[in-house]
Amino acid sequence: MKSTTINLKGIETFSYAIVVIGGGLAGILASIIAAREGRNVAVITKKKPGKASSTAYSMGRFSVAGTKMTKEEHLEKSLMIGEYLNDKELLEKMTEEAPQTFECLREELNLTFSSHDMGYIVADGEKPLPGANLMEKLVYKAMEQENIDFYSNCLPLELIEKDGICGGVLAVDSEGKLTAFRSEALLISSGGYAGAFANTDNPPTMMGEGLILGYRAGCALRDLEFVQFYPLGFKEEKLPSFIAPPRYPPTALLYNDSGEDIIKKYLGEDWDINSATIGKRGALSIALETEWQKEQVWMDLTKCVDTDWKGVNSKPLYDRYNFDFSENPFRWPYSSFYAGWYINGRLPKYRN
Ligand SMILES: Cc1cc2nc3c(=O)[nH]c(=O)nc-3n(C[C@H](O)[C@H](O)[C@H](O)COP(=O)(O)OP(=O)(O)OC[C@H]3O[C@@H](n4cnc5c(N)ncnc54)[C@H](O)[C@@H]3O)c2cc1C
């Protein structure tokens, strides 16, 4: 570890077997497992544990080998979605261990999951915020453990070096006081950094500070370009601009001003709007950007019948706006645009 000279004299110091930074699914689950093995654990979270986490904002959906797919299929699907840029070894580990971790969650949380075409989802009864429910239950379980202490509204500043390895972390506690947490092991599970984008569906607190802690201590960072974005969003002036995540009605069409079907033109006959948005996200984004440079891109929903809307997550969003999507798209078209650039701040918002 890169050595930093921190003088801890006069600074209140706590000692734990394990310090966990971050109170999302990864951090809380790890702390419960460690506590059950008899370790004393400190969980340091920027906000209240479980809150302001991507897990709480998510749909509580898990892809895991089981009845719907084998481990091999899970691996292949994950590689495909990452356009084969992923770290295969890590993915192998993930797909191998996912069923076991999922089972642990079932036990820990006593949650029921329903089968979903991508794996499992927290059961319907848990809606409207499945991810938040999941976190609430998990944090509650962690709080039952006597050997887990929570330090909320606490901001880690610098890892503490001891004998060449990490020996804890220096943090500012909820009252603005410098506090040292000494530990035999430290886990950084503070999530990603998508909160740094101007438009994001992650909590704005997700700023990647955990990555910076590691970096400053000499860790190499990698795969930071793996930021998920959805290629399609609204640009129709009668609608607010928003990113429209899949799934879309399967009969939805994307075409340019010349009437060419963009997916067929660039990706071939084997892809449709849903499979392309998930499995060919990069290629579809480039196709959209290429078309966008020349002419408009339209999404046509006029062919959709009621049953096509089944399983469309953003249906309530579509419904909210007084806009008739079943109208002739040439009269009231709405356009998609390359939301990846949008969330990176290149395109202006089109509202008003
Ligand atoms: C809208 C949405 C939908 C999603 N849908 C899916 C899906 O369908 N399937 C899927 O597999 N994944 C999905 N994800 C991604 C998934 O939710 C995340 O990958 C996962 O929840 C990450 O868990 P985590 O514990 O690593 O991080 P998080 O749950 O984000 O937890 C990180 C924790 O660290 C804390 N923290 C951050 N910075 C600091 C700091 N400096 N100091 C201390 N604490 C800090 C945060 O407050 C938070 O408590 C979705 C995410 C979102 C936002």
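(A) Highlighting the packing of helix α1 (residues 25-36) against helix α4 (residues 88-109). Between α1 and α4, the least distance of the axes is 12 Å, while the angle of their chain directions is 75 degrees. In terms of their interaxial angle, α1 and α4 are classed as roughly perpendicular. Within the contact between the two elements, α1 uses L25, L29, I32, I33 and R36 and α4 uses T101, C104, L105 and E108. Grouping the amino acids of the contact of α1 with α4 by side-chain chemistry returns 6 nonpolar, 1 polar and 2 charged.

(B) The pattern of salt bridges, seen in detail. What the rule picks out here adds up to 14 salt bridges. Here K294 ties to E291 by a salt bridge, and the two come within 3.9 Å at their closest N and O atoms. Remark: E291 and K294 occur in helix α9 (residues 281-294); sequence separation between them is 3 residues, near one turn of the helix. Owing to a relative accessible area of 54%, K294 belongs among the exposed residues under this scheme. Between K303 and D300 there is a salt bridge, and its shortest N-O distance comes to 3.2 Å. A residue is classified by how much of its surface remains accessible, and D300, at 3% relative accessible area, is buried. The network of salt bridges with shared partners includes E260, K265, E291 and K294.

(C) Fine view of the side chain of D308. Its location among the elements puts D308 in the loop between β11 (297-300) and α10 (315-320). Among buried charged residues, D308 stands out as having no salt bridge; its nearest opposite-charge side chain is R247, 9.4 Å away. Aside from chain neighbours lying at most four places away, what touches D308 is P249, P250, T251 and K303.

(D) Structural context of the packing of aromatic side chains. Applying the stated rule across the entire model yields 7 aromatic pairs. Ring centres 6.2 Å apart and planes at 80 degrees place the aromatic pair Y16 and Y151 in the edge-to-face group. Taken together, the residues Y16 in strand β1 (residues 12-21) and Y151 in strand β6 (residues 148-151) connect sequence positions 135 residues apart. By relative accessible area, which is 10% here, Y16 ends up buried. Residue classification places Y151 among the buried positions, given a relative accessible area of 17%.

(E) Main features of the site of the ligand. Residues in close proximity to the ligand total 26 residues, the closest being A26, A52, S54, T55 and E209. Between the ligand and the protein, one listed contact pairs an oxygen atom with a backbone N or O atom of G23 at 3.2 Å. Residue E209 places a side-chain N or O atom 3.1 Å away from a nitrogen atom belonging to the ligand. Protein contact buries 77% of the 1000 Å² of open area that the ligand shows by itself. Counting residues per element, the ones that place at least two in the shell around the ligand are α1, α2 (54-57) and β7 (155-162).

Scoring rules and cut-offs
- Residues numbered from 1 in each chain as written.
- Predicted model: local features only at pLDDT ≥ 70, side-chain atom pairs only at ≥ 80, totals over all residues.
- Heavy atoms only, no water.
- Axes fitted to C-alpha atoms, helices over the stretch in contact; angles between N-to-C directions.
- Helix = DSSP H or I, 4+ residues; strand = E, 2+ residues; numbered from the N terminus.
- Parallel < 35°, antiparallel > 145°, perpendicular 65-115°, else oblique.
- Contact = heavy atoms within 4.5 Å.
- Nonpolar A, V, L, I, M, F, W, Y, C, P; charged D, E, K, R; others polar.
- Salt bridge = Lys/Arg side-chain N within 4 Å of Asp/Glu carboxyl O.
- Buried < 20%, exposed > 50% of the residue type's maximum accessible area, 1.4 Å probe, protein only.
- Lys, Arg positive; Asp, Glu negative; His and termini not counted.
- Phe/Tyr/Trp six-rings, centres within 6.5 Å; stacked < 30°, edge-to-face > 60°.
- Near = heavy atom within 4 Å.
- Polar contact = N/O pair within 3.5 Å; in protein donor to acceptor, adjacent residues only side chain to side chain.
- Areas by Shrake-Rupley, 256 points an atom, 1.4 Å probe, with all protein chains shown as cover.

Geometric descriptors of this kind do not, in isolation, establish any biological role.
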